[in-house]
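These are the residues of each chain, in order.
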Amino acid sequence: MRAFESENLILSQLTDPELLALDRILEPLLLPRDFSLVHVGMPVSHYYFLENGIASMMATSPEGRKAEIGVLGRDGMSPPAFTGGWSGFPST
């Protein structure tokens, strides 16, 4: 029997020993609408593995205009830790 089952596609691919190592630090959490998961320039204190719903990645212009630049669902995590120093803009 697995340590726990998850609808998140990243967590669902982990082996039993990997899940057991995470079992003591993961906790289910219901997030309200418009909850901010992370802010640019702030230290990361939590990682979120969505099991349902979506999260939007938003960019704000210097004038305060906002645009959705990405969407995250149960296939990912937030913040996207494996992207290194991703700035939001493609390199040239």
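Predicted, not measured: the structure shown is a model, and the values here were computed from it.

Our focus in this paragraph is the overall build of the chain. Counting secondary structure elements, the chain contains 2 helices and 2 strands. Going from N to C terminus, the chain has its helices and strands arranged as α-α-β-β. A burial count over the chain gives 18% of its 92 residues as buried. Put simply, 38% of the contacts in the chain that link residues at least 6 apart link residues at least 24 apart. Accessible area of the chain: about 7,800 Å², with a carbon and sulfur share of 57%.

The biggest cluster of nonpolar side chains holds 5 residues, and these are Leu 37, Tyr 48, Leu 50, Ala 55 and Leu 72. Residue contacts for Leu 50: discarding those within four places in its chain leaves Asn 8, Ala 55, Leu 72, Gly 73, Arg 74 and Gly 76.

A separate point is the confidence of the model for the chain. Interpretation of this model should avoid reading the predicted coordinates in detail wherever pLDDT is low. A residue-level look at the chain finds 84% of positions with pLDDT of 70 or above and a mean pLDDT of 81. For the chain, per-element mean pLDDT is lowest for helix 2 (residues 16–23), which scores 87, and highest for helix 1 (residues 9–12), which scores 91. In this model, residues 82–92 is a region of pLDDT below 50 whose contacts with residues beyond four sequence positions or in other chains number 2 contacts.

The next thing to look at is a nonpolar patch on the surface. Taken together, the side chains of Leu 29, Leu 31 and Phe 35 make up a nonpolar region of the molecular surface, amounting to roughly 270 Å² of accessible area. On the secondary structure map, Leu 29 appears in the loop between helix 2 and strand 1 (55–60). For Leu 29, a relative accessible area of 52% translates into the label exposed.

Now for the packing of aromatic side chains. For the structure on display, the rule yields 1 aromatic pair. With 6.3 Å between their ring centres and 75° between their planes, Phe 35 and Tyr 48 make a pair best called edge-to-face. Here Phe 35 is found in the loop between helix 2 and strand 1, whereas its partner Tyr 48 is found in the loop between helix 2 and strand 1, with 13 residues between them in sequence. Look at Phe 35 and you get partly exposed, because its relative accessible area is 38%. Residue classification places Tyr 48 among the buried positions, given a relative accessible area of 14%.

Here is what the cut-offs are and how they apply
Residues numbered from 1 in each chain as written. Predicted model: local features only at pLDDT ≥ 70, side-chain atom pairs only at ≥ 80, totals over all residues. Heavy atoms only, no water. Helix = DSSP H or I, 4+ residues; strand = E, 2+ residues; numbered from the N terminus. Buried < 20%, exposed > 50% of the residue type's maximum accessible area, 1.4 Å probe, protein only. Contact = heavy atoms within 4.5 Å. Areas by Shrake-Rupley, 256 points an atom, 1.4 Å probe, with all protein chains shown as cover. Core = buried A, V, L, I, M, F, W, Y, C linked by side-chain atoms within 4.5 Å. pLDDT = per-residue confidence, 0-100. Patch = residues over 30% accessible without salt bridge, like charges linked within 9 Å, V, L, I, M, F, W, Y side chains within 5 Å. Salt bridge = Lys/Arg side-chain N within 4 Å of Asp/Glu carboxyl O. Phe/Tyr/Trp six-rings, centres within 6.5 Å; stacked < 30°, edge-to-face > 60°.

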